Amino acid sequence: QVQLVESGGGLVQAGGSLRLSCAASGRTFSPYHIGWFRLAPGKEREFVAAIRWSGGSTHSGDYGKGRFTISRDDAKNRVYLKMNSLKPEDTAVYYCAAETRGFGVVVSRYLEYDHWGQGTQVTVSS
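Residues numbered from 1 in each chain as written. Predicted model: local features only at pLDDT ≥ 70, side-chain atom pairs only at ≥ 80, totals over all residues. Heavy atoms only, no water.

**Examining the pattern of salt bridges**
Moving on, step 1. Summed over all chains, the structure comprises 6 salt bridges.
Moving on, step 2. Two residues, Lys65 and Asp62, come together in a salt bridge whose shortest N-O distance is 3.9 Å.
Moving on, step 3. The class for Asp62 is exposed, based on a relative accessible area of 65%.
Moving on, step 4. Arg67 serves as the salt-bridge partner of Asp90, at 2.9 Å between the closest nitrogen and oxygen. In this pair, Asp90 sits in the loop between β8 (78-83) and β9 (92-99) while Arg67 sits in the loop between β6 (58-60) and β7 (68-73), placing the two residues 23 residues apart along the sequence. (Salt bridge = Lys/Arg side-chain N within 4 Å of Asp/Glu carboxyl O. Buried < 20%, exposed > 50% of the residue type's maximum accessible area, 1.4 Å probe, protein only. Helix = DSSP H or I, 4+ residues; strand = E, 2+ residues; numbered from the N terminus.)

**A few points about unusual backbone geometry**
Peptide bonds are trans in most cases, and residues, glycine excluded, mostly fall at negative phi.
Moving on, step 1. Non-glycine residue Asn77 carries a positive phi angle of around 50 degrees.
Moving on, step 2. Checked against the element boundaries, Asn77 lands in the loop between β7 and β8.
Moving on, step 3. Its identity is not glycine, yet Ser85 carries a phi of approximately 50 degrees, on the positive side.

**Observations regarding the sheet that holds β8**
Moving on, step 1. Taken in spatial order, the 4 strands make up an open sheet running β1-β3-β8-β7, and their pairing is antiparallel. Each edge of the open sheet carries a strand with a single partner, namely β1 (3-7) and β7. Taken pair by pair, the neighbouring strands of this sheet meet at an average axis angle of 15 degrees, ignoring direction.
Moving on, step 2. Pairing analysis gives 6 bridges linking strand β3 (residues 18-25) to β8, with the strands arranged antiparallel. Considered in β8, the bridge of Leu18 is made with Met83. (Pairing = 2+ DSSP bridges. Axes fitted to C-alpha atoms, helices over the stretch in contact; angles between N-to-C directions.)

**What to know about the packing of aromatic side chains**
Moving on, step 1. Tallying each qualifying case throughout the model produces 5 aromatic pairs.
Moving on, step 2. Both rings, one in Phe37 and one in Phe47, keep their centres 5.6 Å apart while their planes meet at 65 degrees; by these two values the pair is edge-to-face. Residue Phe37 is found in strand β4 (residues 33-39), and its partner Phe47 is found in strand β5 (residues 46-52); the two are separated by 10 residues along the sequence.
Moving on, step 3. Seen from their ring centres, Phe37 and Tyr113 are 5.2 Å apart, and the 80 degrees between their planes marks the pair as edge-to-face. Pair noted here: Phe37 is in strand β4 and Tyr113 is in the loop between β9 and β10 (115-116), with a separation of 76 residues, a long-range link. (Phe/Tyr/Trp six-rings, centres within 6.5 Å; stacked < 30°, edge-to-face > 60°.)

Laid out in C-alpha cells, this is it:
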C-alpha cells in the first residue's frame, strides 16, 4: 500500500513563496514519476510539475513554468514543490501523485497516476 502526504500549504500574499512537501511511503516504493496537480473550484485539474525518481528529469506545466521548481530527496522519499512569485490565480488545493507504470505515460495527464495524497490548500491574497 502506497501512502502520500502533502504539507506546506497556507496563506500568503501575492509575490510571496511557499515550499510544498510530499512524503511517500509503502512496503516497496519505486515510482517512475511523482507529479503535482492543482484543483480550484470551477476549474479543471491542472498539471503543475513532475519528476522522474531515477535520474531526476523534470517536466513543468505552462502555468508554473519559470516560477515553480520540483525537486526530490531520495533518502527521505520526499518530493518538494518550490513556488515563487505567487499570484492569486495560483490559489487551489495542491495534490501530489505517484505513477508506477512508466512506459507510454504522459506525465501531464492526471489519469495516468494511480496514487494520490489528500491535498494541501494554498491561498494567495491580492
